[in-house]
Amino acid sequence: MAKERILFHSEGIPFVLKQKGEIRKWIKATIANENQRCGDLSFIFCSDDYLLDMNIRYLNHDTLTDIITFDNSEQEGLIEGDIFISIDRIKDNASSFNTSERDELHRVIIHGILHLLGYQDKGKEHKANMTAKENQYLRARTF
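Residues numbered from 1 in each chain as written. Predicted model: local features only at pLDDT ≥ 70, side-chain atom pairs only at ≥ 80, totals over all residues. Heavy atoms only, no water.

S.K.: Looking at this structure, how should I read the layout of surface pockets?
M.R.: Empty space among the atoms can be located by rolling a probe the size of a water molecule over them. In this structure, the largest pocket spans a volume of roughly 730 Å³. Lining the largest pocket are 25 residues, and of these Asp66, Ile67, His111, His115 and Asp121 sit closest to its centre. When contributions to the lining of the largest pocket are tallied by element, the ones reaching two or more residues are helix H2 (48–59), strand E3 (67–71), helix H4 (101–116) and helix H5 (124–139). Class assignment of the residues belonging to the lining of the largest pocket gives a composition of 8 nonpolar, 10 polar and 7 charged. Of the voids in this model, the second largest pocket is the one considered here, and its volume is about 260 Å³. Taken together, 13 residues make up the lining of the second largest pocket; nearest its centre are Phe15, Lys18, Glu101, Arg102 and Leu105. Within the residue set of the lining of the second largest pocket, elements represented by two or more residues are helix H3 (87–96) and H4. (1 Å grid on protein atoms, 1.4 Å probe; cavity = no way out; pocket = protein on both sides within 12 Å on 5 of 7 lines; lining within 4 Å. Points joined across faces, edges and corners; volume = space filled by probe spheres on them. Helix = DSSP H or I, 4+ residues; strand = E, 2+ residues; numbered from the N terminus. Nonpolar A, V, L, I, M, F, W, Y, C, P; charged D, E, K, R; others polar.)

The structure is reproduced here in structure tokens:
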């Protein structure tokens, strides 16, 4: 049986995720609801500069972003990956979208999981579907 680990790290910034246990349960429930299994997942919280450097280096995109997801899945139905999240973007986007930093962070966390589950966000229809799924799983939080 595959390991099921969800790890949280910060890279170069003083950020500590709150409610780790509840977030792990929420992520696992989301994956199970999509009829997949949770494997090894790492969330790395970082700065805009760190994520911009990764965006340029690995994706050839010279733009700020809130998240980059690397899919490490090797087995059908087993979700594994590394998800890098810019806390700077979370703060700015929360202010821009008039939402709490907590809710914006959770939206971006679940956005990364949805990418690993196969959802896309390029194009109007895909983006609308992704946003609907994000909203569905944000409403499903019990914490």
